Amino acid sequence: PMARLLYVLMLLGWLCLPFSAEAHQFQKVTRSVLAQRLDQADVNSKTFNQRYFVIADLVKGPKKVAPVIYYICPVGECDDTRVPTGVLEIARSMGAWVVGLEQRYHGESQPFSDLSPNSMRYLNLQFTLRVLATFQHSLTEHMDLRGPWVAYGASYTGMLAAFYRSMYPNLA
(Lines give C-alpha, C1' and ligand atoms only; values in the text may rest on other atoms or scores of the structure.)
Protein backbone atom coordinates (compact mmCIF):
# COMPACT_ATOMS: atom_id res chain seq x y z
CA PRO A 1 0.00 0.00 0.00
CA MET A 2 2.71 2.54 0.93
CA ALA A 3 4.79 1.60 -2.11
CA ARG A 4 1.77 2.12 -4.37
CA LEU A 5 1.05 5.52 -2.85
CA LEU A 6 4.70 6.52 -3.28
CA TYR A 7 4.56 5.29 -6.87
CA VAL A 8 1.44 7.36 -7.64
CA LEU A 9 2.92 10.47 -6.06
CA MET A 10 6.14 10.05 -8.01
CA LEU A 11 4.25 9.62 -11.26
CA LEU A 12 2.32 12.78 -10.67
CA GLY A 13 5.60 14.60 -10.27
CA TRP A 14 4.79 15.82 -6.76
CA LEU A 15 8.16 14.59 -5.57
CA CYS A 16 10.10 15.80 -8.58
CA LEU A 17 11.84 18.71 -6.94
CA PRO A 18 14.14 20.91 -8.99
CA PHE A 19 17.68 19.79 -9.61
CA SER A 20 19.98 20.98 -6.88
CA ALA A 21 22.04 24.05 -7.65
CA GLU A 22 25.21 21.97 -7.45
CA ALA A 23 25.76 18.72 -9.26
CA HIS A 24 25.39 15.62 -7.07
CA GLN A 25 28.62 13.76 -6.41
CA PHE A 26 28.54 10.06 -5.56
CA GLN A 27 31.37 7.68 -4.77
CA LYS A 28 29.73 4.41 -5.81
CA VAL A 29 28.49 5.04 -9.35
CA THR A 30 28.62 2.65 -12.26
CA ARG A 31 28.32 4.22 -15.70
CA SER A 32 28.08 1.87 -18.62
CA VAL A 33 26.21 0.84 -21.76
CA LEU A 34 24.10 -2.17 -22.58
CA ALA A 35 23.83 -3.55 -26.10
CA GLN A 36 20.11 -3.44 -26.85
CA ARG A 37 18.26 -4.77 -29.88
CA LEU A 38 16.12 -2.25 -31.74
CA ASP A 39 13.33 -4.81 -31.86
CA GLN A 40 13.33 -6.99 -28.74
CA ALA A 41 11.15 -9.59 -30.48
CA ASP A 42 13.63 -10.07 -33.35
CA VAL A 43 16.85 -11.87 -32.36
CA ASN A 44 18.44 -10.72 -35.63
CA SER A 45 17.62 -7.06 -35.02
CA LYS A 46 20.35 -4.44 -35.16
CA THR A 47 21.81 -3.51 -31.76
CA PHE A 48 22.88 -0.18 -30.31
CA ASN A 49 24.52 0.87 -27.05
CA GLN A 50 22.14 2.32 -24.49
CA ARG A 51 23.72 4.34 -21.70
CA TYR A 52 22.83 3.85 -18.05
CA PHE A 53 24.09 4.56 -14.56
CA VAL A 54 23.68 2.90 -11.16
CA ILE A 55 24.10 4.84 -7.91
CA ALA A 56 24.88 2.58 -4.94
CA ASP A 57 25.74 5.24 -2.33
CA LEU A 58 22.20 5.37 -0.89
CA VAL A 59 21.69 1.61 -0.43
CA LYS A 60 21.20 0.45 3.16
CA GLY A 61 21.01 -3.11 4.38
CA PRO A 62 21.41 -6.16 2.14
CA LYS A 63 22.16 -4.88 -1.35
CA LYS A 64 20.56 -7.86 -3.07
CA VAL A 65 17.06 -7.03 -1.76
CA ALA A 66 17.25 -3.22 -1.57
CA PRO A 67 14.55 -1.40 -3.55
CA VAL A 68 15.44 0.15 -6.90
CA ILE A 69 14.28 3.53 -8.14
CA TYR A 70 14.21 3.04 -11.93
CA TYR A 71 14.78 6.57 -13.18
CA ILE A 72 13.75 6.96 -16.81
CA CYS A 73 15.92 9.89 -17.80
CA PRO A 74 14.29 12.90 -19.45
CA VAL A 75 14.73 13.76 -23.09
CA GLY A 76 18.39 14.52 -23.77
CA GLU A 77 21.53 13.17 -22.16
CA CYS A 78 21.31 10.99 -19.07
CA ASP A 79 23.68 12.07 -16.31
CA ASP A 80 23.95 10.70 -12.76
CA THR A 81 24.83 14.18 -11.47
CA ARG A 82 21.44 15.57 -12.55
CA VAL A 83 18.97 13.23 -10.84
CA PRO A 84 16.14 15.29 -9.27
CA THR A 85 16.72 15.98 -5.59
CA GLY A 86 13.31 14.51 -4.70
CA VAL A 87 14.25 11.18 -6.26
CA LEU A 88 17.50 11.09 -4.30
CA GLU A 89 15.71 11.93 -1.04
CA ILE A 90 13.21 9.12 -1.61
CA ALA A 91 16.06 6.71 -2.45
CA ARG A 92 17.98 7.82 0.65
CA SER A 93 14.96 7.30 2.91
CA MET A 94 14.26 3.86 1.39
CA GLY A 95 17.91 2.80 1.24
CA ALA A 96 17.43 2.26 -2.49
CA TRP A 97 19.55 1.90 -5.58
CA VAL A 98 19.04 4.58 -8.24
CA VAL A 99 19.22 3.17 -11.75
CA GLY A 100 19.00 5.67 -14.60
CA LEU A 101 18.44 4.70 -18.23
CA GLU A 102 19.01 7.07 -21.13
CA GLN A 103 16.21 6.90 -23.65
CA ARG A 104 17.12 5.57 -27.05
CA TYR A 105 17.35 8.22 -29.77
CA HIS A 106 18.61 10.66 -27.09
CA GLY A 107 22.02 11.63 -25.75
CA GLU A 108 24.61 9.01 -26.67
CA SER A 109 22.04 6.20 -27.07
CA GLN A 110 21.60 6.71 -30.79
CA PRO A 111 20.68 3.61 -32.79
CA PHE A 112 21.13 5.43 -36.11
CA SER A 113 23.29 8.27 -37.39
CA ASP A 114 20.34 9.87 -39.18
CA LEU A 115 16.76 10.73 -38.29
CA SER A 116 15.12 9.50 -41.49
CA PRO A 117 11.58 8.07 -41.33
CA ASN A 118 13.05 4.59 -41.80
CA SER A 119 15.38 5.08 -38.82
CA MET A 120 12.60 6.49 -36.65
CA ARG A 121 10.23 3.55 -37.12
CA TYR A 122 11.48 2.04 -33.86
CA LEU A 123 10.65 5.16 -31.86
CA ASN A 124 7.24 4.20 -30.52
CA LEU A 125 5.67 3.22 -27.23
CA GLN A 126 5.71 -0.54 -27.83
CA PHE A 127 9.43 -0.69 -28.56
CA THR A 128 10.29 1.77 -25.80
CA LEU A 129 8.48 -0.27 -23.14
CA ARG A 130 10.12 -3.48 -24.32
CA VAL A 131 13.54 -1.85 -24.04
CA LEU A 132 12.75 -0.75 -20.48
CA ALA A 133 11.75 -4.32 -19.57
CA THR A 134 14.75 -5.91 -21.29
CA PHE A 135 17.12 -3.52 -19.57
CA GLN A 136 15.55 -4.25 -16.17
CA HIS A 137 15.85 -8.01 -16.74
CA SER A 138 19.48 -7.65 -17.84
CA LEU A 139 20.53 -5.47 -14.93
CA THR A 140 18.63 -7.63 -12.42
CA GLU A 141 20.62 -10.64 -13.60
CA HIS A 142 23.95 -8.82 -14.01
CA MET A 143 23.90 -7.04 -10.62
CA ASP A 144 21.56 -9.42 -8.76
CA LEU A 145 19.11 -6.62 -7.88
CA ARG A 146 16.22 -8.65 -6.43
CA GLY A 147 14.42 -5.89 -4.50
CA PRO A 148 11.24 -4.20 -5.78
CA TRP A 149 11.64 -1.79 -8.69
CA VAL A 150 9.70 1.49 -8.86
CA ALA A 151 9.72 3.22 -12.25
CA TYR A 152 9.98 7.01 -12.10
CA GLY A 153 9.77 9.77 -14.62
CA ALA A 154 8.34 13.26 -14.93
CA SER A 155 6.32 14.72 -17.78
CA TYR A 156 6.89 12.51 -20.86
CA THR A 157 8.97 9.99 -18.92
CA GLY A 158 6.32 9.97 -16.18
CA MET A 159 3.89 8.81 -18.84
CA LEU A 160 6.38 6.13 -19.86
CA ALA A 161 6.71 5.02 -16.21
CA ALA A 162 2.91 4.75 -15.92
CA PHE A 163 2.58 2.77 -19.16
CA TYR A 164 5.50 0.57 -18.09
CA ARG A 165 3.77 -0.20 -14.79
CA SER A 166 0.56 -0.95 -16.68
CA MET A 167 2.18 -3.21 -19.29
CA TYR A 168 4.65 -4.91 -16.93
CA PRO A 169 3.05 -4.91 -13.45
CA ASN A 170 5.29 -7.77 -12.33
CA LEU A 171 8.42 -5.65 -13.00
CA ALA A 172 7.65 -2.19 -11.64
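The structure presented is a predicted model; accordingly, all values stated were derived computationally and were not measured.

The rules we used
- Residues numbered from 1 in each chain as written.
- Predicted model: local features only at pLDDT ≥ 70, side-chain atom pairs only at ≥ 80, totals over all residues.
- Heavy atoms only, no water.
- Helix = DSSP H or I, 4+ residues; strand = E, 2+ residues; numbered from the N terminus.
- Buried < 20%, exposed > 50% of the residue type's maximum accessible area, 1.4 Å probe, protein only.
- Contact = heavy atoms within 4.5 Å.
- Areas by Shrake-Rupley, 256 points an atom, 1.4 Å probe, with all protein chains shown as cover.
- Phe/Tyr/Trp six-rings, centres within 6.5 Å; stacked < 30°, edge-to-face > 60°.
- Core = buried A, V, L, I, M, F, W, Y, C linked by side-chain atoms within 4.5 Å.
- pLDDT = per-residue confidence, 0-100.
- Polar contact = N/O pair within 3.5 Å; in protein donor to acceptor, adjacent residues only side chain to side chain.
- Expected span 1.5 Å × (residues − 1).
- Arc of directions from axis to C-beta.

## A short note on the overall build of the protein chain
Step number 1: A tally of helices and strands in the protein chain yields four helices and five strands.
Step number 2: The secondary structure elements of the protein chain, listed N-terminal to C-terminal, are α-β-β-β-α-β-α-β-α.
Step number 3: Split into buried and exposed, the 172 residues of the protein chain put 47% on the buried side.
Step number 4: For the protein chain, contacts bridging at least 24 residues in sequence account for 75% of all contacts bridging at least 6.
Step number 5: As presented, the protein chain carries roughly 8900 Å² of accessible surface, and 57% of it is formed by carbon and sulfur atoms.

## Points about the packing of aromatic side chains
Step number 1: Tallying each qualifying case throughout the model produces nine aromatic pairs.
Step number 2: Relative to Tyr-164, the ring of Tyr-70 lies with its centre 5.9 Å away and its plane at 80°, an arrangement referred to as edge-to-face. Here Tyr-70 is found in strand 3 (residues 68–72), whereas its partner Tyr-164 is found in helix 4 (residues 156–167), with 94 residues between them in sequence.
Step number 3: A relative accessible area of 0% means that Tyr-70 is categorised as buried.
Step number 4: In textbook terms, an aromatic cluster arises when at least three aromatic residues are bridged by ring pairs, as seen for Tyr-52, Tyr-70, Phe-135, Trp-149, Tyr-164 and Tyr-168.

## Considering the nonpolar core
Step number 1: Counting 24 residues, the largest nonpolar core has Tyr-70, Trp-97, Val-99, Leu-139 and Tyr-164 as its most contacted members.
Step number 2: Residue contributions to this core peak at five residues, all from helix 3 (residues 125–143).
Step number 3: Sequence-distant contacts of Leu-139, that is, excluding residues within four places in its chain, are made with Tyr-52, Val-54, Val-99, Asp-144, Leu-145 and Trp-149.
Step number 4: Counting 18 residues, the second largest nonpolar core, distinct from the first, contains Val-29, Ile-55, Ile-69 and Tyr-71.

## Brief notes about the environment of Leu-115
Step number 1: By the secondary structure assignment, Leu-115 is in the loop between strand 4 (97–101) and helix 3.
Step number 2: Residue class for Leu-115 comes out exposed when judged on its relative accessible area of 63%.
Step number 3: Between the alpha carbons of Leu-115 and Tyr-105 there is a distance of 8.9 Å; along the sequence they are 10 residues apart.

## Quick word on the confidence of the model for the protein chain
Step number 1: Of the residues in the protein chain, 87% have a pLDDT of 70 or more, and the chain-wide mean is 86.
Step number 2: Overall, residues 14–22 carries pLDDT values under 50, and its contacts beyond four positions in sequence, including any with other chains, amount to 20 contacts.

## A word on the side chain of Gln-103
Step number 1: Tracing the chain through its elements places Gln-103 in the loop between strand 4 and helix 3.
Step number 2: A distance of 2.6 Å separates a polar atom in the side chain of Gln-103 from the backbone oxygen of Cys-73.
Step number 3: Discounting chain neighbours no more than four positions away, the residues touching Gln-103 are Gln-50, Ile-72, Cys-73, Pro-74, Val-75, Ser-109, Tyr-156, Thr-157 and Leu-160.

## Comments concerning helix 4
Step number 1: With 12 residues, helix 4 extends 16 Å between its outermost C-alpha atoms, agreeing within 8% with the 16 Å of an ideal straight helix rising 1.5 Å per residue.
Step number 2: Considered for burial, the residues of helix 4 that qualify are Thr-157, Gly-158, Leu-160, Ala-161 and Tyr-164. Seen from one end, helix 4 has its buried residues packed into an arc of 155°, which puts them on one side. Residues Ser-166 and Met-167 are exposed on helix 4 and point more than 90 degrees away from its buried face.

## Comments concerning the environment of Met-167
Step number 1: Counting through the fold element by element, Met-167 comes out in helix 4.
Step number 2: Judged by relative accessible area, which is 56%, Met-167 ranks as exposed.
Step number 3: The sequence separation of Met-167 and Ala-133 amounts to 34 residues, and the corresponding C-alpha distance is 9.6 Å.

## Brief notes about unusual backbone geometry
Step number 1: For Asp-144, which is not glycine, the phi dihedral falls at a positive 60°.
Step number 2: Inspection of the secondary structure assignment puts Asp-144 in the loop between helix 3 and strand 5 (149–152).
Step number 3: Given the relative accessible area of 24%, Asp-144 is considered partly exposed.

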